[in-house]
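Structure at a glance
Next come the chains, spelled out residue by residue.
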Amino acid sequence: MSPSFAFTKIQAPRQRAGLVERGPLQARLGDALATQRVVLLCAPAGFGKTALLSATLASLVPAVPAAWVSLDEDDDLQRLLACLVAALEPFDLPWRTAPEALVALAGGSRADRRQSVDAVINALAAADAPHALLALDDLHRITDPTAFEWLDALIERLPPAWTVALSTRAEPPLALPRWRAAGDLAEFREPDLRFTPEEVHSLGRLAGASSLALAADDIDLLLARTGGWVAGLRLALRAPAGEGLAWSHAGSALDRHAFDYLASEVLDELPDDLRRFLLRCSVLPELSAARCEDLLGEPGAGRHLAEIERRGLFASVLDDGALALRLHDLFRDFLEDRLRREAPQDWPLLLRRAAASEPDDARRVGGLLRAGDWAGAEAALDAVARDWLGAGLVAQTRRLLEQFPPEWQAKSARLALLQGLAAWAAWEFVAMDEHFERAHRIAAAAGERDMALRTRAYQALGHCQMDRREAAADALAELRAQPLPDDVAITMLTAALWYAGDYGPAGHAAACIEERNRLLLRVDDASLWYQATPNPRDIMLPGTRLPLRTFIDGALAQPGERATPLRAIATLMQGLIALWEGDAVLAAQRLAEAEGAARWLGRPRNVCTLLALARGWQHALCGDLDACRAAMDELLADPDREPPGPRQQKLRRYMQGQALRLAMTAGDAETARHLVAALGNGQAPGSERIAQRAREAVLPAFAAELAQDWPAAARAWQAALADPGGLEWYGLRTDGQLRAAAACLRCGDPRTAEALVEQARARCAADGWAGPALLAGPAVLAVLAEGLAATSVHAVLAAWLAAAQRLRRPRLADAAPLRAAWPLPGDALPSANPASVPSAIPRPPADHDLSQRECEVLDRIAAGDSNKVIARAFGLSPHTVKRHVANILDKLGLASRGQAAAWWRSRGGGG
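If you're wondering where the values come from, they're calculated on a predicted model, not measured in any experiment.

Thresholds, definitions, all that
- Residues numbered from 1 in each chain as written.
- Predicted model: local features only at pLDDT ≥ 70, side-chain atom pairs only at ≥ 80, totals over all residues.
- Heavy atoms only, no water.
- Helix = DSSP H or I, 4+ residues; strand = E, 2+ residues; numbered from the N terminus.
- Buried < 20%, exposed > 50% of the residue type's maximum accessible area, 1.4 Å probe, protein only.
- Areas by Shrake-Rupley, 256 points an atom, 1.4 Å probe, with all protein chains shown as cover.
- Pairing = 2+ DSSP bridges.
- Axes fitted to C-alpha atoms, helices over the stretch in contact; angles between N-to-C directions.
- Salt bridge = Lys/Arg side-chain N within 4 Å of Asp/Glu carboxyl O.
- Phe/Tyr/Trp six-rings, centres within 6.5 Å; stacked < 30°, edge-to-face > 60°.
- Expected span 1.5 Å × (residues − 1).
- Parallel < 35°, antiparallel > 145°, perpendicular 65-115°, else oblique.
- Left-handed = near helix turned anticlockwise from the far one by under 90°.
- Contact = heavy atoms within 4.5 Å.
- Nonpolar A, V, L, I, M, F, W, Y, C, P; charged D, E, K, R; others polar.
- Polar contact = N/O pair within 3.5 Å; in protein donor to acceptor, adjacent residues only side chain to side chain.
- Core = buried A, V, L, I, M, F, W, Y, C linked by side-chain atoms within 4.5 Å.
- pLDDT = per-residue confidence, 0-100.
- Arc of directions from axis to C-beta.
- Right-handed = clockwise from strand over helix to strand, strands pointing away.

This brings us to the overall build of the chain. In terms of regular secondary structure, the chain is built from 47 helices and 9 strands. Sorting the 911 residues of the chain into buried and exposed places 56% on the buried side. Accessible surface computed for the chain: about 36000 Å², of which carbon and sulfur atoms make up 54%.

Right, dumping it as structure tokens:
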């Protein structure tokens, strides 16, 4: 996937030779950058803000390093943050959350945005730099209010070693009065940026006006007419000689119209080939030789760029090795306006050509929209939108979707489908269902068969989410009756699995997962794997054990080293399977790894909700009551993230039901009683969903158990088990059979108890694991093992009881068999560059749980290597090195690379 922004956005312009030295002003600015929290350059266009700021920063490097971001018109908070973390890359900040996850968080709720601010502040505070700068140029281009809210929060708690420099044409909606009152703000405004008489004289000499012998009166007149405006001064002095000094054309202080007039005079005096080059290349955000030649289809761009720089034609030089220029906004606007008037037929063609070579996905789509190429823009957006949505860039996707004309949107099934996927990513399920339905209606009316099938499959998903059973069943029946493209079949099977999970029968789940696995393994689309992420409820369904392991292996084998929600959930599922197989140590390892991945990913809701449930089962089975209660609290708090309404009410009862199961398994009678009371007093929303019916069916049985009313418990469990298909989810059927058996035994009915245990034994034998039986808890199993000691089921009960007790006393050796089958990511050393791997591999100190790879990375950090150098040494990506650094700091309880290096050296490393 191409970068989410153009890397030229994080390159500070460098000072061109021949510019006027503004020594006193630059010295004042340099002092402010060294001492103030915030430095603001605020003046209209053309006052030299960017040139002054970039020149001053260049004079401070390397003593004071800087991260530079040039902002675009369409930049929102997420784009701003993506650029900022990329600009900070040379600092090797010890990120504790993946930078791309912070970008995703910035598009979420206020709490999510606050979390992203906190993470950036913590990383900046841990930088190994005595003083450093963040420079945001062209801040006036930002219109997203959340971006200013985010910047306010960042600056308010900015670490002392950092200064933020803001360059803007308009007063930004930030807390300037508060910073001004606190003495934390240095301001450079229009009066400060105006040229002095001495600077005008120097500018005239550099512009070739010395032959006109600028006298003091000329300088005074020029200053009076231009108001010291740098852009106007430069153009006036560069006007054709036959015009005299060009300020005579302006009746008063120069404005935009005067600029256009003078720019026209300058442009018309250029050689024809340079003039044509400038006009046509003005559609590019930055001018490099390669992109200009690609745009025009002719060589010689390098010569033209060098001539533009030599003439000083309102272009900043980017520090990018090869010559690259960024035109000043005023000059670009003028050139584009002239191009549209002189060659209107070329304007859309040039925009399309520029988009074809644009590395920034959002700029590419935006360029095609500017060109009016709706079909091209739609195709370009469709090619990247799923990756964006998977990365949390919902706002960016929606912003571009909204820029299509209403009449185009009304007839585009593809755009409606993308709107539905964006709503799904934002957990807006009502809107998701509506958009999917509209997409199908448009595709069917247009006779677009494949799109109609695709949108019909998504319709089925939406109907399941909205509890529209009959509509979902109709859509699935229609799809099953005809051949489907692989991607459509995968979506249909996911909808079918949702349907089986919601309405039954449970026996269909394994077949759905198997067929979907087969298709996924031959389709190269990570978004489809993520869309097909299983629900933990699928683990204990009949026959799903092996198909789920196949899915997990395939998900973890997806290309790329980056942590993703898909990988985190797959690792979490590994932990649950290990738990159901009775391996508490491996389960703890896998769940700890999933926890680390969730933390690195910024704790996305879907991962954290599943992780809380998995952790709850782990702690319930392992007897850690406090930890189990903490997991239950997290589950019970999740519905608060939903807006008030029926969905929140349903979700709250669902989470209460899950917490009740955990409390009963853990033997936490106090919490279980509270939950039974909450569920019993609440009004259960009507639904045909199995999980909800099952929860309501077993509630009387749990209440009777807690009251130790065994006859009532036996009757309640027998009533619930009369609908066995309704209790399949989360192993409730087997758990219920054993609890019913224990109640019957306590009522003096061992024969019924033995029959119920035999049913549970047969089911566990068919599935190949004891997990569902373990959920009954050691107390229930102990009652059964003692009371049925003389029966045919005693052996299996004794084995289950022993397994339940082992879970509460795990031994490291127990993990060996499965550990060999499923190695932890990173266990194997890469062999990409064996010459670079140290001959004496450092060993982890005995007092800390660092992995072998983490020790190697830490040894390199202590030797002073950057992330990029470490990545090259071990054949890793820089992203993976960042993750290792985060793990090292988390395990050692340290804040910075410097602290980690000192810790390592104190133990004899780093030699």
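Attention shifts here to the sheet that holds strand β6 (residues 185–189). With parallel pairing, the 5 strands of this open sheet are ordered in space as β3-β4-β5-β2-β6. Only two strands of the sheet have a single partner each, and these edge strands are β3 (66–70) and β6. The mean inter-strand angle of the sheet, taken between neighbouring strand axes irrespective of direction, is 10°. In this structure, strand β2 (residues 38–42) lies alongside β6, joined through 5 bridges in parallel fashion. Bridge pairing in β6 links Cys42 to Arg189.

Once that is clear, we can look at the pattern of salt bridges. Evaluation of the coordinates by the stated rule reveals 69 salt bridges. Residue Glu286 pairs with Arg326 through a salt bridge whose shortest N-O separation is 3.8 Å. Of this pair, Glu286 sits in the loop between α13 (272–281) and β7 (287–288) while Arg326 sits in strand β9 (residues 324–327), and the two are 40 residues apart along the sequence. Here Glu286 matches Arg326 in class, with each residue buried. Between Glu342 and Arg338 there is a salt bridge, and its shortest N-O distance comes to 3.2 Å. In this pair, Glu342 and Arg338 are both assigned in helix α16 (residues 329–342), 4 residues apart and thus about one turn of the helix distant.

With that settled, the discussion passes to the packing of aromatic side chains. Under the defined criterion, the tally for this structure stands at 10 aromatic pairs. Centre to centre, the rings of Phe702 and Trp717 are 5.4 Å apart; their planes meet at 90°, and the pair counts as edge-to-face. Of this pair, Phe702 sits in helix α36 (residues 690–706) while Trp717 sits in helix α37 (residues 710–721), and the two are 15 residues apart along the sequence. According to the relative accessible area criterion, Phe702 is buried, its value standing at 1%.

The next thing to look at is helix α29 (residues 545–556). With 12 residues, α29 extends 17 Å between its outermost C-alpha atoms, agreeing within 8% with the 16 Å of an ideal straight helix rising 1.5 Å per residue. Inspection of α29 places Pro547, Leu548, Arg549, Phe551, Ile552, Gly554 and Ala555 among the buried residues, and these make up the whole buried set.

Below, the discussion takes up the packing of helix α3 (residues 77–87) against helix α4 (residues 99–106). It is the contact of α3 with α4, at a shortest axis distance of 8 Å, that shows an interaxial angle of 160°. One way to sum up the angle between α3 and α4 is to call them roughly antiparallel. Between α3 and α4 lies a crossing whose hand is right-handed. Here Leu77, Gln78, Leu81, Ala82 and Val85 of α3 lie close against α4, whose contacting residues are Pro99, Leu102, Val103, Ala104 and Ala106. Per-class residue counts for the contact of α3 with α4 are 9 nonpolar, 1 polar and no charged.

Before going further, it helps to examine the side chain of Gln618. Tracing the backbone through its elements, the reader meets Gln618 in helix α32 (residues 605–622). Among the polar contacts listed, one links the side chain of Gln618 to the side chain of Arg615, at a separation of 2.8 Å. Setting aside anything within four residues of it in sequence, one finds Gln618 in contact with Leu579, Ala588 and Leu591.

With 226 residues, the main nonpolar core has Leu88, Leu154, Trp580, Leu784 and Trp800 as its most contacted residues. When residues no more than four places from it in sequence are discounted, the contact partners of Leu154 are Val117, Val120, Ile121, Leu124 and Leu134. By size, the runner-up hydrophobic cluster in this structure holds 34 residues, among which are Leu270, Leu296, Leu305 and Leu351.

Taken as a whole, the chain shows an average pLDDT of 85; of its residues, 86% reach a score of 70 or greater. Note on residues 209–213: pLDDT under 50 across the span, and 6 contacts to partners over four residues away in sequence or across chains.

Residues of helix α41 (residues 777–787) that are buried include every one of Gly777, Val780, Leu781, Leu784 and Ala785, and no others. What you see down the axis of α41 is that its buried residues fit within an arc of 130°, all on one side. Exposed and facing more than 90 degrees away from the buried side of α41 are Ala779 and Glu786. Where α41 is buried, its residues meet α34 (646–666), α38 (732–746), α39 (750–767), α40 (771–774) and α42 (794–807).

Moving on, we get to the pairing of strand β4 (residues 132–137). With 6 of 6 residues buried, β4 is to be regarded as a mostly interior element. Of the two faces of β4, the one carrying Ala132, Leu134 and Leu136 and the one carrying Leu133, Ala135 and Asp137 are both buried. Direction of pairing for β3 relative to β4: parallel, over a ladder of 5 bridges. Looking at the pairing, Val69 lines up with Leu136 of β4. Direction of pairing for β4 relative to strand β5 (residues 162–168): parallel, over a ladder of 5 bridges. Looking across to β5, one finds that Leu133 is bridged to Thr163. The handedness of the β4 to β5 crossover, carried by helix α6 (residues 145–156), is right-handed.

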